[in-house]
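# Summary of structural features
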Amino acid sequence: MQRAKFALPSMVTLMSIACGFGSIVISVDNAFIGDAGDYRLAAVLLVLAGVFDALDGMVARATNTQSDFGMQLDSIADVMNFGCAPGLLLYCYGFQRLGLDHPTLLRLGGVASFFFVACGALRLARFNVNVGRTDPRYFVGMPITAGAACVASVVVAWPDAASSVLHGSLVVLLLFVVGSLMVSTVRFPSSKQKKSWAALVVLLINLGLLAWLLTAYFVLFFAVYIAFTLALNAAWKTGWTGIAPPVVYDDE
């Protein structure tokens, strides 16, 4: 029973990997078909992978079975689930069918998709070596899970495959922007902020917007999330401390 208990977090992580792999399979199978429902399903599987990614840590802490093995498995899963899977999803969604008539856009889309994957891997490596050396209230760069959810939210909101050069170009821009944010030094607020009534009000507002906007809510959420974070970092540079800035450690 003791050995079985240690396997529980890893089993949850493997469920996360299964969701990421399922998203990849659906994206590839749908590349030349372009079915909107399948693209949305592939994006939803990435969200489900994120749920399992959060649960494995909760299970490990609840059963007191944290281990170096689990941490390494989790990092490997994150590269596939939130780097490779969304990168491939956006490649198939944004460029595969358009590439038949616009080969240059197809190549540019491949570069943009790889850029996103590479930035995600670099972001994870930086996070792993800086554990305990940064302010836990803030992430250095956009977390890879948030980056994956950001690009997947576009597919959830507009699941029809890109059908114009403008649409494909916007997907290229999205991948480059989100990838750059992941490897940037911009401080993104984490869930370890001090709890307050204001946070509860924001949560209730978001639930109301979700019920009203449905799938479009996620695009709005990430647009506001990124804009707010950039504005907050700019305000800190001017000396504003209305929201406490991150503590900078000597060895960062």
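Each value, and the rule that gives it
- Residues numbered from 1 in each chain as written.
- Predicted model: local features only at pLDDT ≥ 70, side-chain atom pairs only at ≥ 80, totals over all residues.
- Heavy atoms only, no water.
- UniProt positions renumbered as here; feature names shortened; annotations may be inferred.
- Helix = DSSP H or I, 4+ residues; strand = E, 2+ residues; numbered from the N terminus.
- Buried < 20%, exposed > 50% of the residue type's maximum accessible area, 1.4 Å probe, protein only.
- Polar contact = N/O pair within 3.5 Å; in protein donor to acceptor, adjacent residues only side chain to side chain.
- Contact = heavy atoms within 4.5 Å.
- Expected span 1.5 Å × (residues − 1).
- Core = buried A, V, L, I, M, F, W, Y, C linked by side-chain atoms within 4.5 Å.
- Axes fitted to C-alpha atoms, helices over the stretch in contact; angles between N-to-C directions.
- Parallel < 35°, antiparallel > 145°, perpendicular 65-115°, else oblique.
- Left-handed = near helix turned anticlockwise from the far one by under 90°.

## Comments concerning the UniProt feature "transmembrane region" (unreviewed entry) in the protein
The UniProt entry lists residues 12-33, 39-59, 105-125, 137-158, 164-186 and 198-228 under the feature "transmembrane region" (unreviewed entry), expressed in the numbering used here. Overall, residues 137-158 shows 64% helix and 14% strand. The separation of its end C-alpha atoms is 33 Å. Taken end to end, residues 164-186 comprises 83% helix and 0% strand; its first and last C-alpha atoms sit 33 Å apart.

## What to know about the side chain of Ser-16
Mapped onto the elements, Ser-16 comes out in helix α1 (residues 2-29). A relative accessible area of 2% means that Ser-16 is categorised as buried. A polar contact of 2.7 Å, which involves the side chain of Ser-16, links it to the side chain of Asn-81. Sequence-distant contacts of Ser-16, defined by excluding residues within four places in its chain, comprise Ala-49, Phe-52, Asp-53 and Asn-81.

## Structural notes on helix α6 (residues 165-183)
Taking 1.5 Å of rise per residue, 19 residues should cover 27 Å, and α6 covers 28 Å from first to last C-alpha, within 8% of that figure. Of the residues making up α6, those classed as buried are Gly-168, Val-171, Val-172, Leu-174, Leu-175, Val-178, Gly-179, Leu-181 and Met-182. Residues of α6 that are buried make contact with α3 (68-96), α4 (103-129), β1 (138-140), α5 (144-157), β2 (187-189) and α8 (216-237).

## Digging into the nonpolar core
Leu-89, Leu-90, Met-142 and Leu-175 are the most contacted members of the largest nonpolar core, which has 49 residues in total. Of all elements in the fold, only α1, α2 (36-63), α3, α4, α5, α6 and α8 reach the threshold of two or more residues within this core. With nine residues, α5 is the largest single contributor of residues to this core. Apart from residues no more than four positions distant in its own chain, Leu-90 is found in contact with Phe-95, Val-151, Val-155, Val-171, Leu-174 and Leu-175.

## Things to note about the packing of α3 against α5
In contact at an axis separation of 9 Å, α3 and α5 are set at 25 degrees when each is read in the N-to-C sense. Judged on the interaxial angle alone, α5 and α3 are roughly parallel. The way α3 lies across α5 gives a crossing that is left-handed. Residues Asp-78, Phe-82, Gly-83, Pro-86, Leu-89, Leu-90 and Tyr-93 of α3 pack against Ile-144, Thr-145, Ala-148, Val-151, Val-154 and Val-155 of α5.

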